[in-house]
Each structure stands twice: as C-alpha cells, then as structure tokens.
Amino acid sequence: MEDIRVLAFFYIIQAALMGFVGMALIGVRLSWKQVLLIGLMQGIVVYLCRGLCAIFGLPFGSHSFISFLSLIVLFRLVLKMRWGIDFAAASLAFITVMLSEGLTAPVLYTYAPHVFQNLDNDVRRYVWLSYCSDWLLIVSALFLGTTKYKLMDFRGQSGKV
Amino acid sequence: MKELFRKIISHNSSSQKNLLLINVILLQTVLVLFVTLWAYFAINGIILVSLQLITAFSLLVAVFLTVAAIGLVNEITRLSQKERELEINKAMMEKDKELISILSTHRHDFQNHLQVIMGLIQLGRNDSAVGYIKEVTKSLRQTSSTTVQIKNLEVAAMFLMKKNEAEERNIQFQLEMKSELVGLSVPATDISRILGNLIENAFDAVSVIPEKEGRVVRVCLNEGAQQFIISVWNKRPLIPKDIQDKIFEKGFSTKGMAGSGLGLAIVKELTEKHGGSVQLVSDTETGTEFTLTFPKMTADVSA
C-alpha cells in the first residue's frame, strides 16, 4: 500500500476537485459538504484500489477503471441523480484528468526525467508532481468556481431519485 | 451489440436518448485517452504492461468505437428524419386548421342564411325567400367556381381563405385559372407556403391604397409546354428599383418592424428547392408582379 500521507494530501483533494469539476461542467453545482464527502470517499477508494491492484498484480491502469466506476456510483449515492448524468460527470472529470496527465507526462519525461527517480521513497515530491500533472483539473476548478460556465446543461433532466 | 445499442436507444425518451448519445461520445473519449496514455507509458517502459494486453484492449476499444459510431450516425439520421416528418405534419396541421376555420365560417354563414329564409317564409314572403336563395347561390358560385377546379385540396383551401381575408380587408381578389396545376411536382405544403406568402405580401401592399382607388390582387395559374407559370399581381404600389434586388434577401423587409423579412426569402428558397425560379417586375406599365415558374415533370421514355 502507498504512504497514507498521499491519501490525505492528494487523493482526497484530487477526488474532490474531480467531483466538483465533473458536475460543474454539466451545470450541476455541488455544495461544499457534497464536494468534501465525494472527495473523502473517492480518495479512499482510489487509495485502496491502487494498493490492492499492486498487491494482486493487476495490470497498471486497472485502478483507473475501478476508480471511474466508483466515482459514478458515488455520484449516484451522494447526489441521487440519474445514472446517465452521473456517467457524464464522471467521464468529464476523467477526461480532464487524463488530458492533463497526457499533456504533462511526456514533457516531464523528456525535459526532467530525474524527478521520477526514487519517486516511491519521496512522498512530498510524489504529491507535488501529482499536483503538477493535474494542472488542468486545478485550472478548471478555479475557472468553474469563479464563473457560471457549463459545458452542457443537464439540470433540467437531473431526475433526482 | 448494434442491436443492443438500438434496443437501449429505442426504450428511452428523447431527453434520455440525448444523454445516452452524449455519454457514448464521452466514453469514446475516455477510452481513446486511456489507451493512448497506457500505450505511451508502456512503450517508454514507465509501467510494466505487456504490449499484447494493450493491443487486445485497443482492438476491443476500436470495435466498440466503430459500433458506437455507426449507432450514433444511424440514430442522428433517424432523428433528423423524424424532425422532417414532424415539420411536414406541423404544416399539414396548420392547413387542417385553416380548413376547419373555413368550414366554421361557412357553417356560420349558412345558419344566418337559413334564419333569414325561415323568417321570410314565416312572414309569408315566399317570393323574397326564393330571391334570397338565388342570390346566395349566385354568390357562392362566384366564390367557389374557380377554387373548386383546383385539384389540390390544401391549395384550394388556401385560396378560399385568402378570398375571405380579401373580403374582410376590402380587397378585390381575382383568381385566373388557366391551369389546374395537374402534374406540378411541388408538395402541397410548399406551394401553399409560397403562394400564401406572395398573396399576403400583395394584400399588405395594396392595403395602403385608398379603397376608392381600387385594391386589386390577381393570381394567375398558367402552364406552357415545359413549365407551370404562377403570377401574383397588384397594380400598385410599385417596388423601387434600388430595393428590387434585395427583396429576396433574408431579413430584408419593406414593412419596417412589422415585417420579419423572411416571407420572400422563404418563397425564393422553396421555389428554387423544387427547381423553379421567381422573378419580380415592378414598373408603371406592368404594375408589381411576382412570377413563379416550375418545370414540368418529363416522363422518362427510355425507362
């Protein structure tokens, strides 16, 4: 299992941002309480998932799929919206994260490969690097938090259950 | 899988279908990004995943994306067809409403006539009653003699309605039927819209003329060997030369705020859609005349 500090300082915050950004992009604004609840629960799921994948030797990337599914379920449990809405929000959140990582990783590997050396032994560097690779998520959260922008508007058909 | 996709789609309402379509697109994006990142990390030796696994997964994703894309295209095509059908039905409903409105007016008129006739008979003025019946019959013949010749019910209804409207606005509406437009390949809804717009414009134009000077609008249905010719004419007012070129442009209107500037643009668009053309002549000699020409359908002899 990974260091517990990664959970506290990164996974929970990343999951909270993903929850907020995913929902805000489809026009659903979450309260602080809902953001924190989703962040906490999804952070723990991601932490456990990554640990268990490593223990059972599942291929790298499996944790992303499991986290994707768990975020959809969490949206459903916490916000009680239609599955379709939850799926769209989770997809948008993951697209933001993957785009961010996809853009950042090649640049870092090319120009600063040394930052990845002995990464597992340096929690602080691991956390900072993770935040760096999630820059698009952070920028999106700031933008969506300060504006009323939405990519799609599903509020009319959120269909709370 | 294609059937499954169709089943899922057909069991949902339209808002759910939209959501489903968006989700399919989003899932495609997620999968493409995931495979790209996975392959990048694996090829650079950053993560330990066998290339066979990535290839197998990529192939699965490709199959899914293909099926989803085909499903999406089919669904979009089906939806656009439905939208077109809906527009046609809407237009038909409008025409039906017009027909009902005409029938209601006629029913009301007949009730009035019957009451007059009954009153005259009760007063013992049988001759006057007979005279009244003759007068009403003559008037009805004049009104419908031309329109009943038109084979197309919607067009006939539109002319009747315009005739009634003309009477209300003290406009003399003349219909010259030199052709029954049999074989005209323009759908009834479109030809009604084209003529309805032109006649309405002519009514609006002649309404500014004082009644004593004669407000006349004439529609002429004609045909030659190769084409149908339909014209809508009014003597006055004339359209100034400098705006004759712009009059068919979208948004251009001579009615100020009261006009949408779409009527003549629609006329031109619909006419050209059916292979026809529209011409405007407006001078002191001719008056103002819009002439529509539509090619006649030629039978394919070789077929």
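Residues numbered from 1 in each chain as written. Chains lettered and ligands numbered in written order. Predicted model: local features only at pLDDT ≥ 70, side-chain atom pairs only at ≥ 80, totals over all residues. Heavy atoms only, no water.

(A) Spotlight on the overall build of chain B. Helices and strands together make up the secondary structure of chain B, namely eight helices and five strands. When the 303 residues of chain B are sorted by exposure, 35% land in the buried category. Taking as baseline every contact in chain B between residues at least 6 positions apart, the subset at least 24 positions apart corresponds to 64%. Carbon and sulfur atoms make up 58% of the accessible area of chain B, which totals about 18300 Å². (Helix = DSSP H or I, 4+ residues; strand = E, 2+ residues; numbered from the N terminus. Buried < 20%, exposed > 50% of the residue type's maximum accessible area, 1.4 Å probe, protein only. Contact = heavy atoms within 4.5 Å. Areas by Shrake-Rupley, 256 points an atom, 1.4 Å probe, with all protein chains shown as cover.)

(B) Spatial organisation of unusual backbone geometry. Positive phi outside glycine occurs at K80 of chain A, with the angle close to 50°. Relative to the helices and strands, K80 of chain A resides in the loop between α3 (62-79) and α4 (83-111). Exposure remark for K80 of chain A: the relative accessible area of 42% places this residue in the partly exposed category. If you check the backbone angles, N170 of chain B has positive phi at about 55° while not being a glycine. By the element assignment, N170 of chain B lies in the loop between α5 (153-168) and β1 (172-177). What makes N170 of chain B partly exposed here is its relative accessible area of 43%.

(C) The arrangement of the pairing of strand β4 (residues 277-283) of chain B in detail. All names here are of chain B. Along β4, the buried face is formed by V278, L280 and S282; none of S277, Q279, V281 and D283, which line the opposite face, is buried. With seven bridges joining them, β4 and strand β5 (residues 287-295) adopt antiparallel strand pairing. Bridge pairing in β5 places D283 opposite G287. (Pairing = 2+ DSSP bridges.)

(D) Expanded view of the interface of chain A and chain B. In this assembly, 24 residues from chain A lie in contact with 21 residues from chain B. Buried area between chain A and chain B, summed over both chains or domains, comes out near 2000 Å², and the portion from carbon and sulfur atoms is 83%. Among the residues chain A hides against chain B, the three largest losses belong to F60, F65 and M98 of chain A. Together they make up 28% of the total. There are zero salt bridges connecting chain A and chain B. Taken together, the elements giving at least two residues each to the side of chain A that touches chain B come down to α3 and α4 of chain A. Ranked by residues supplied to the side of chain A that touches chain B, first place goes to α4 of chain A with 14 residues. Across the side of chain A that touches chain B, the residue classes tally to 16 nonpolar, six polar and two charged. (Buried area = accessible area lost by both parts, 1.4 Å probe. Salt bridge = Lys/Arg side-chain N within 4 Å of Asp/Glu carboxyl O. Nonpolar A, V, L, I, M, F, W, Y, C, P; charged D, E, K, R; others polar.)

Geometric descriptors of this kind do not, in isolation, establish any biological role.
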